[in-house]
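These are the residues of each chain, in order.
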Amino acid sequence: MSLSNVSLSLLPDAPVARKQSHSLIAHEKKRVDEYYWMRDDERETPEILEHLNAENEYCDKQLAPIKPFQTQLFDELKGRIVKDDNSFPVKDGQFWYHAEVRGDDEYARHYRSSDISSNDKQLLLDVNELADGYEFYDLGEVAISPNEQLLAYSEDTEGRRIYTVKFKVISDDCLLDDVLENTEGQVVWANDNQTVFYVKKDLKTLLGFQVYRHVLGTSQDDDVLVYEEHDRSYFMGLGKSRDESLIIIDLASTETNDTWVLDANQPSGEFSQLMPREEGHEFDVDKLGDTFYIVTNWQAKNFRLMTATQATVADKSQWQEHTPHREDVLLEGVETFDKFLVLTERELGQTRFVVVNQQQQRMTLEFDDPCYYAAVAMNPESNSKTARIYYSSLTTPGSLYEVNLATGAKTLLKQQQVLGDFKAENYASERLMVTARDGEKIPVSLVYRTDLFTQDGTNPLFQYGYGAYGITIDPSFSSTSLSLLDRGFVYAIAHVRGSEMLGRNWYEQGKKQHKQNSFSDFIDVTNALVEQGYGAKDKIFASGGSAGGLLMGAVVNQAPELYLGIGCHVPFLDVLTTMLDESIPLTTNEYDEWGNPNDPEYYDLIAAYSPYDNITAQAYPNLLVTTGLHDSQVQYWEPMKWVAKVREHKTDDNILVFKTDMDAGHGGASGRFKSLEEKALEMAFFVSLINK
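Criteria and thresholds
- Positions within a chain are numbered from 1, following the residues in the order the chain's sequence is written.
- Totals for whole chains, interfaces and linings use all residues, but because this is a predicted model, local features are given only for residues with pLDDT of at least 70 and pairs of side-chain atoms are given and counted only at 80 or more.
- Based on all heavy atoms of the structure, the side-chain values leave hydrogens and waters out of the count.
- Working definition: a ring pair exists when centres of Phe, Tyr or Trp rings (six-membered ring for Trp) sit within 6.5 Å. Plane angles under 30 degrees give stacked, over 60 give edge-to-face, the rest tilted.
- Geometrically, a lysine NZ or arginine CZ counts as sitting over a ring once it is within 6 Å of the ring centre and also within 35 degrees of the ring normal.
- Put simply, DSSP marks the helices as runs of H or I at least four residues long and the strands as runs of E at least two long, and each gets a number from the N terminus on.
- Throughout this description, buried means an accessible area under 20% of the type-specific maximum (1.4 Å probe, protein chains only), exposed means over 50%, and partly exposed covers the range between.
- Between N-to-C directions, angles span 0 to 180 degrees; the directions come from axes that are lines fitted to C-alpha atoms, helices contributing only their stretch in contact.
- Each crossing gets its hand from how the near helix is turned against the far one by less than a right angle, where anticlockwise is left-handed and clockwise is right-handed.
- Contacts: residue pairs with any heavy atoms within 4.5 Å of one another.
- Any residue that is not Ala, Val, Leu, Ile, Met, Phe, Trp, Tyr, Cys, Pro, Asp, Glu, Lys or Arg is counted as polar, Gly included; the first ten are nonpolar and the last four charged.
- When two cysteine sulfur atoms are found within 2.5 Å, that pair is recorded as a disulfide.
- Directions pointing from the helix axis toward each C-beta atom define the arc.
- Here a strand pair is declared whenever DSSP counts at least two bridges between the two strands.
- A pairing counts as a salt bridge when a side-chain nitrogen of Lys or Arg comes within 4 Å of a carboxyl oxygen of Asp or Glu.

Draft legend 1. Representation of the packing of aromatic side chains within the structure. Per the counting criterion, the structure on display carries 26 aromatic pairs. Three or more aromatic residues joined by ring pairs form one cluster here, namely Phe462, Phe489, Tyr491, Phe541, Phe685 and Phe686. Against the face of phenylalanine 95 rests arginine 112, its NZ or CZ located 3.8 Å from the ring centre. Looking at lysine 121, its charged tip hangs above the ring of tyrosine 111, at a distance of 4.7 Å from the centre.

Draft legend 2. How the structure looks around unusual backbone geometry. Although it is not a glycine, arginine 43 sits at a positive phi angle of roughly 60°. Looking at the element boundaries, arginine 43 is found in the loop between strand S2 (29-32) and helix H1 (46-62). On the basis of relative accessibility, which here comes to 9%, the residue arginine 43 falls in the buried class. One non-glycine residue, valine 570, adopts positive backbone phi at about 35°. Along the polypeptide, valine 570 turns up in the loop between strand S37 (565-569) and helix H8 (575-579). Looking at valine 570, the relative accessible area reads 12%, which means it is buried.

Draft legend 3. Geometry of the packing of H1 against helix H11 (residues 637-649). Taken N-terminus to C-terminus, the directions of H1 and H11 make an angle of 65°; their axes are 12 Å apart at the nearest point. For the pair H1 and H11, the sense of crossing is left-handed. Along the contact surface, H1 presents Ile48, His51, Leu52, Glu55 and Tyr58, while H11 presents Met640, Val643 and Arg647. Of the residues assigned to the contact of H1 with H11, the class counts are 5 nonpolar, 1 polar and 2 charged.

Draft legend 4. Structural detail: the state of the cysteines. Considering all chains together, one arrives at 0 disulfides under this definition. As a non-bridged cysteine, cysteine 59 has cysteine 568 as the owner of its nearest cysteine sulfur, 14 Å distant. With a relative accessible area of 1%, cysteine 59 lands in the buried category.

Draft legend 5. Seen up close, helix H10 (residues 600-607). What H10 keeps buried is the set Tyr602, Tyr603 and Ile606. Down the axis of H10, the buried set is contained in an arc of 110°. They therefore lie on one face. On the buried face of H10, the contacting elements are strand S1 (23-26), S2, H8 and helix H9 (591-594).

Draft legend 6. Region of interest: the pairing of strand S8 (residues 138-144). Sheet topology places S8 next to strand S9 (residues 150-156); 5 bridges connect them, and they run antiparallel. The residue bridging alanine 143 from the neighbouring strand is alanine 152, located in S9.

Draft legend 7. Geometry of the pattern of salt bridges. Under the counting rule described, the total for this entry stands at 48 salt bridges. Across the pair lysine 29 and aspartate 604 runs a salt bridge, and its minimum N-O distance is 2.5 Å. Here lysine 29, found in strand S2, pairs with aspartate 604, found in helix H10; they are 575 residues apart in sequence, far enough to count as distant. If you follow the salt bridges from partner to partner, you end up with Arg326, Glu345, Glu347 and Arg352 in one network.

Printed below as a string of structure tokens:
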């Protein structure tokens, strides 16, 4: 495919936001924010809604010339997706569970059957029916009762990640009267099949902070508060141990974990702390039989695996070491089976699995691609002698394997089908190590179409990054990226500091006082890829969302000349103001990531890079900014303010458009096809700029 011949030129009638001086003072330092008025927690102020609608209208008008091309791309993206598809059945208890999508349905139907053939499949949930009438719909968690007769499911119809829980009797497809409002979305059944536990949210901060016990047939007003977390720097989650003997409350701040447990057979009892809370101790714990398995950073920066019993789990000094700490290997997790353990490890940025049997013999499962993504898939039954592994690379569609844990033999159960003329052999991927300005080696994952790639500095380059919270963006297959690769683009993922691609230290070197490394790494990768001929210096594009949107905001302030176009999605841009305001959802959870600017040291550090505070009179790249009005993670007013301020200061005639989904939240549009419209929009925007 050739590049589209459509192009864009700047329209003069961009919305101009009014300015109203608002002083922000901290540590005797004053900032004036002339767009502070754009914040409305209730999202009801007419002037704000009118301005967002005006931005949407301008965006549509500005991008009207490329609308046919966007539609063409959308049709391409949709045309690669198998309309009638199903997940491979997974056995849990007496039944096999799977999901199906059909035709143009946006959502799946969930079924179960008595055997793997699914000949007698029984419909559990039709998400299309549940979503009917809503502009946004997200099915949260589906939880089957231990006796397999009841089903609980949670749903969010606003995009704020506030879930309502409902219950149904599976045999007669009848909803119970029980409804649980304002929850985190998780539902955990006690073993009596009558009691469930759930996390309730603070509707102002949107933090889950209370665990309630609900007995079926009673009002939510009568539910019993069984645990409350007063330290609002913690996220709260619920689960059940591998052997289903314990209900688990998992508490996690950025740098500290805590776990409380309750006997699942005694739901009216009290939760007890598994071990003392210790600042800086990060761990994940599970239980199978008489053994607790603890992945811990105790005296182990890259984590190690320890075991304990009920009698010793509260005392770290009595734990037994199963897998020691290694300086060059990150232990990411463990899946427990009755006769095997499957360790997930990462070395030099690459994931691998190590199977350990009862004789402590170790077998490594490896894959061939130069860079890839792999993860332990759903394995509900601990007595299994096989494990399911999900695998994908930049050139290999998502694949589900069943692995014999005794021999390591892999059997392909299902691979994502890509319609059209896709052939994996037409594409190639690479893993590069780029030298940063301070000498560190930054991993970069690349993919391109071999017959269109020349490495002579003429290919357009699309670079993606995130770089926060220790989240690693592994290189996996995306059928949507083919529309760029088939037009000669090189696609690159810059694994900048702030992820855990190269271990725990790689994360720590991209947070708090070292956050600038994330931005510098991204810029250095761009320069290196241009120097090495992977991209044309005048055809470089970049994109990121959420904390990756912060990355984009900082990069365009610091090196705007490198990029022709930037996609900035649900972006965290007003870091200093947000981190000083504990009333904003999730702020208190973020102190260990960015630093607390109530401390003068961190105030100055954040002020030095916060994208909103560092906008200057300079030329900026062409910018496509998107958000959701109901975003619960990054509030809509951050990109709204940033766009207004960039428009005011930028000295170029490049395009700046801002699109707000008035129905969606942080995850964007819901549904398997509707979300493709956003991807098609960005691609059309980028391609059109080459001809501008």
